[in-house]
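What follows is the residue order along each chain.
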Amino acid sequence: MLQRVDQANHFREYDPSERDEAFGADGVSDQYKAIVEALNNCSAHELKSRQQRLDRAAAELGIQFALPGERIRDGIDWKLDLFPRVISPEDWDLISRGVIQRAEAFNAYISDIYHEQKILSERVIPFELPLRDPAFHRSFSGIESHDNRYCLTGAFDLVRMPDGEWQVLENQLATPIGVSYILQNRRLLAQAFPELFATMNVAPVASFSTYLAEALRAQTDVSNPNIVLLTRGETSQTLFEEGFLARHMGISVVRPADLLVRDSYVYLKTIRGLERIDVIYRRIESATVDPVATPSSGAFEGVPGLVNVLRKGNVSIVNALGAGVADNRAILRYSDRIIGYYSGRRAILPTAPTYHLSDHDQRSFVAENMDSMLLKPVQDHASLRKRLGWKGQLDTPADIARLAKHHPEYCIAQPIISPSQLPRFSGGEFSPHTVFMRAFFILGDEPVVLPGGLTRQTSRHHRSGRLSINAEGMKDTWAPAEAVIDRDAPTTPTITGERISIGSRTAESLYWAGRYLSRAENTARQFNTLENLRWDQLGLMDQQAYWPLLQAVAAATGQQKYAKRKRPPRDTLKFSTQLVLDPNESASVSACVLSAQFNLGAVRGAISPECWQTLRELVIYLNNQSRARISRSQLREVSDRVVSEAARFQGLAERTMLHDDAWQFYRIGGFLERALGVLYLLEVALPRAAELYRIDDEESTDLTALLRLNASLDAYRREYRSRAYLDRVARLLLLSPNNPSSVNFCLRNVRYALGTLSISGERDVGEGVVANFDALIDYLEALPITQMFPSPVPGLDAGGTEEAEEHPRVHPEYIKKQLTALTKEVEQIHENLEDVFFSHQFVYARSPTLFES
């Protein structure tokens, strides 16, 4: 064993091996000395605090391999270690040259396999390897790629061996994953531990997404191309990555259902109708892109006819369909031949030893050395299981061993490697952990290698040798700035042409996010109002007086078992807990916040990072609160926090989001939900209040509480300067153009938002919806308020009438009828929006009751 390195406090017990990059027999390596010194300048408590800050920031941003709204499971949350990885200038020069050489060679290989297949006819590699590959599809043969870029962007998984040699473990050229995590790692570490960056001049990584955007733009001759990122959507476990990249490149994230082929072109369904797509950045498997071209794949969620559009040259797809043939692990054994064949030079980066089990001799060798071998399928694609009729998974060594036994031609083996190690901070101390790296590139006019890479760390006994999602975290990877080739900053060409509209799914997701956040805020505020009544301390008569209000809130939030009760319960704690924290209650505060996160998570490119972080903080807070028994006072604290966080989110959205069509659909959802929330409450509360209302009461406490429930008590006092009268409360909550909680105010704001959309003024799109909306507002303002709520105030006192009766009669049934009819008309707004902007049914159906008096 090497002599234990006696550095400062934090590394006194650190026990490195001969594979350690940072420590050796002579002490700290040169490139790590300044980092170790900076870490030793911090106390143990401060290091723990910095690491906790990193973990908390990653959780708040939702950096994880999980679906939006899904609880983080063990092994898939994204952990960033505070000890970075440093690549020496000599190593980085070798890596960058080797990555570009390998990328260009395999780009040529993909082109050759789908065209002349010269490498097969000249017997450089066995012909059965690519032709039997599940990623190879004959329907993609002969399709040209713009500028011959079949793998415009990709990555290679690298390991540094004990002798310092860098080897390639695998190719990642079909749909490479990990760029966004590199960019976020750099930002998070710089925020949590800026002192570390003073130790050396680190090459920046932020411009990589800009280079990628320019490379995508160059894949078509259209001057202002419409570029989209194609994903599987909510079922994709890399949704964070896709949303991050799309936001940084300024493009839309779309699912196959968002696209439509017509007349040999592919279109995106937008709020303006169909808009042509020029470039598709593909993040789904080739076999699932077009069910017509690849019917044997069994996937039907693609875009029928898309391959025909591609073949005619009317769209560019990056990376090229079928590029996964370069990821076949069976050809790794022949990587040096492939590189030599297409480049005419020796491979700069050697490939790790690989054995294909279809060869009898290689299979025998692997069997004799099984204890030191790791089995892998040739492809990770679902199409492999489909081809073989494999009913199980391929996630565990036992699954793969079973596959190797029955189908050895679809398995390879690599020696279990012992790559380099680095310190990892965990549990308040540093311990050695194995590290792997994924290096990314772009094959534009000037090839670019992302400075650094995605370094994953595993336990010291980890055997997989793969960059799997089950590794134990990652490190920020530093390449010295002096070792990176200086390139001109990407330039943005002059944008011409019409404005590109947002996709219908994006508009719908933002619309629902606005509705859910408004519902959560409204429910939390109403709960606080009810709790301030101190229900558990009220007498029976007071409980009966306030029971209609609680029933109204229950009805508005879907709690029908409370809404239908004839007598008030003795205690409302169970109801309150469900109202606030039960995620299984669809209208609870917690469920609404999670639903908002789900919708915004699907379109993260359309919102600002500040908004997303605020929402994530609220989700984490609510999850923590729901895990234990909670008291009334704690529930009030939770609801206060929700109200304040919702206001913070709204303020950040107002300040940081672009006020474009996406923003307007978020506002439409929020205002429509507020209007409906008020109506659902009034529909129950006003008829009951009218039934119990007595004009000679000194103060109508239930009407005062109703105003509080709608955040309108102060507005009422400023408007009328009197105690609460039934007709005045109704006017304020239904018709006031200035009260933010009135139905009229909300509908007018929705109308304004519709008028600002880029479709306004276009016949057959926005005109009908706006006309219907104007009619609805006219209908609202023509409500027979005087007949519904005869004024008890004589004379001309703020709404009173000269002919007012001394004791006017109020008819609860008539009030109920009018409010129910109005609620139905407002609910119809959603159907109109759905028909015109989301589903494109273009149904301008007008309710027959719309103009009834």
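Rules used in this analysis
Residues numbered from 1 in each chain as written. Predicted model: local features only at pLDDT ≥ 70, side-chain atom pairs only at ≥ 80, totals over all residues. Heavy atoms only, no water. Helix = DSSP H or I, 4+ residues; strand = E, 2+ residues; numbered from the N terminus. Buried < 20%, exposed > 50% of the residue type's maximum accessible area, 1.4 Å probe, protein only. Contact = heavy atoms within 4.5 Å. Areas by Shrake-Rupley, 256 points an atom, 1.4 Å probe, with all protein chains shown as cover. Pairing = 2+ DSSP bridges. Axes fitted to C-alpha atoms, helices over the stretch in contact; angles between N-to-C directions. pLDDT = per-residue confidence, 0-100. Phe/Tyr/Trp six-rings, centres within 6.5 Å; stacked < 30°, edge-to-face > 60°. Core = buried A, V, L, I, M, F, W, Y, C linked by side-chain atoms within 4.5 Å. Salt bridge = Lys/Arg side-chain N within 4 Å of Asp/Glu carboxyl O.

> What should I look at first to understand the overall build of the chain in this one?
When helices and strands are tallied, the chain shows 28 helices and 20 strands. Buried residues in the chain amount to 57% of all 853 residues. Restricting to contacts in the chain with at least 6 residues of sequence separation, those with at least 24 account for 72%. Carbon and sulfur atoms provide 47% of the accessible area of the chain, an area that totals close to 36,000 Å².

> Explain helix H24 (residues 726-734) to me, please; I cannot follow it from the model alone.
Because each turn of an α-helix spans 3.6 residues, side chains separated by three or four positions in sequence point in the same direction. By the criterion of burial, H24 is predominantly enclosed, with eight of the nine residues buried. All of the buried residues in H24 are Leu 726, Asp 727, Arg 728, Val 729, Ala 730, Leu 732, Leu 733 and Leu 734.

> Honestly, the environment of Ala 690 in this entry has me stumped. Any pointers?
By the secondary structure assignment, Ala 690 is in helix H21 (residues 661-692). When the C-alpha atoms of Ala 690 and Ile 815 are compared, they prove to be 8.6 Å apart, with 125 residues separating the residues in sequence.

> Would you explain the sheet that holds strand S6 (residues 227-230) in this entry?
Consider a sheet: its strands pair through backbone hydrogen bonds, and that pairing is either parallel or antiparallel. Strands sit in the order S7-S6-S11-S12 across an open sheet of four strands; the sheet is parallel. The open sheet terminates on both sides in strands that have one partner only, identified here as strand S7 (252-254) and strand S12 (316-318). Along the sheet, successive strands turn relative to each other by an average axial angle of 30°, direction set aside. Across four bridges, the pairing between S6 and strand S11 (residues 279-282) is parallel. Looking at the pairing, Leu 229 lines up with Tyr 281 of S11. Where helix H7 (residues 208-217) meets the sheet, its contacts fall on S6, S11 and S12, and the angle it forms with S11 comes to roughly 130°.

> What am I meant to see in unusual backbone geometry here?
The bulk of non-glycine residues show a negative phi, and the bulk of peptide bonds are trans. In the segment running from Val 318 into Asn 319, the intervening peptide bond is cis, with an omega of -10°. Within the secondary structure, Asn 319 sits in the loop between S12 and helix H10 (335-343). Its identity as a non-glycine residue notwithstanding, Arg 123 has a phi of 55°, on the positive side. Even without glycine at this site, Arg 721 takes up a positive phi of about 50°. Tracing the backbone shows Arg 721 in the loop between helix H23 (713-720) and H24.

> Any chance you could explain the confidence of the model for the chain here in plain terms?
Do not read the predicted coordinates in detail wherever pLDDT is low. In this model, the chain carries a mean pLDDT of 83, and residues with pLDDT of at least 70 account for 82%. Here residues 460-470 is a poorly scored stretch, pLDDT under 50, and it has 33 contacts once near neighbours within four places are set aside; other chains count. A low-confidence stretch, residues 843-853 stays under pLDDT 50, and its non-local contacts, those more than four residues away or across chains, total 19 contacts.

> Honestly, the packing of aromatic side chains in this entry has me stumped. Any pointers?
Where two aromatic rings form a pair, the distance of their centres and the angle of their planes describe that pair. Under the defined criterion, the tally for this structure stands at 23 aromatic pairs. Summarising the aromatic geometry, the rings of Phe 11 and Phe 430 are spaced 4.5 Å apart at their centres and angled 20° between planes, so their arrangement reads as stacked. Of the two residues, Phe 11 is situated in the segment before strand S1 (23-24) and Phe 430 in strand S17 (residues 429-442); the sequence distance between them amounts to 419 residues. Under the relative-accessibility criterion, Phe 430 is labelled buried at 5%. Arranged with centres 6.0 Å apart and planes meeting at 75°, the rings of Phe 106 and Tyr 109 form a pair that is edge-to-face.

> Looking at this structure, how should I read the sheet that holds strand S14 (residues 373-377)?
Pairing within the open sheet is antiparallel, and its three strands lie in the order S13-S15-S14. Edge strands, defined here as strands with exactly one partner in the open sheet, are strand S13 (355-356) and S14. Here S14 pairs with strand S15 (residues 411-415) via five bridges, running antiparallel. If you follow Met 373 over to S15, its bridge partner there is Pro 415. Seen against the sheet, helix H13 (residues 397-406) touches S14 and S15 and runs at an angle of roughly 75° to S14.

> Where do I start with the nonpolar core in this structure?
In terms of nonpolar packing, the biggest core is built from 99 residues, with Leu 734, Leu 747, Leu 754 and Phe 837 touching the most fellow members. Top contributing element to this core by residue count: H21, with 17 residues. Leu 734 has contacts with Leu 679, Leu 682, Ser 742, Val 743, Asn 744, Leu 780, Leu 783, Ile 785, Leu 819 and Leu 822, leaving out every residue within four places of it along the chain. Membership of the second largest hydrophobic core comes to 81 residues, among which are Phe 106, Ala 135, Val 366 and Leu 384.

> How should the pairing of strand S9 (residues 265-270) be read in this particular structure?
Two faces belong to every sheet, and in a regular strand the side chains alternate between them. Pairing of strand S8 (residues 259-262) with S9, which is carried by four bridges, proceeds in the antiparallel orientation. Note that in S9 the partner of Arg 262 across the bridge is Tyr 265. Linkage of S8 to S9, two consecutive antiparallel strands, is achieved through a turn of two residues, within which Asp 263 is found at a positive phi near 55°. Here four bridges tie S9 to strand S10 (residues 273-276), and the two strands are oriented antiparallel to one another. Bridge pairing in S10 links Tyr 267 to Arg 276.

> Mind showing me how you'd approach the side chain of Ser 608 here?
Mapped onto the elements, Ser 608 comes out in the loop between helix H18 (589-601) and helix H19 (609-625). Residue classification places Ser 608 among the buried positions, given a relative accessible area of 6%.

> Got a minute to help me understand helix H8 (residues 239-249) in this structure?
Burial runs high along H8: 10 of the 11 residues are buried. After H8 finishes, the residue Gly 250 shows a positive phi value of roughly 70°.

> Any chance you could explain the pattern of salt bridges here in plain terms?
Should their charged atoms come close, side chains of opposite charge can pair. Applying the stated criterion across every chain, the model contains 26 salt bridges. For the salt bridge of Glu 645 with Arg 648, the shortest nitrogen-to-oxygen distance reads 2.8 Å. Here Arg 648 and Glu 645 lie together in helix H20 (residues 632-656), a separation of three residues that amounts to about one turn. Given a relative accessible area of 10%, Glu 645 falls into the buried group. Under the relative-accessibility criterion, Arg 648 is labelled partly exposed at 35%. Sharing partners across several salt bridges, the network here consists of Glu 170, Arg 329, Lys 376 and Asp 380.

> Would you take a moment to explain the pairing of strand S5 (residues 166-172) for this structure?
The element S5 is extensively covered by neighbouring structure, given that seven of its seven residues are classed as buried. Where strand S4 (residues 153-160) lies against S5, six bridges are found, and the strand directions are antiparallel. Paired with Leu 158 across the strands is Val 168, a residue of S5. Linking S4 to S5, which pair antiparallel, is a turn of five residues; within it Gly 164 sits at a positive phi near 95°.

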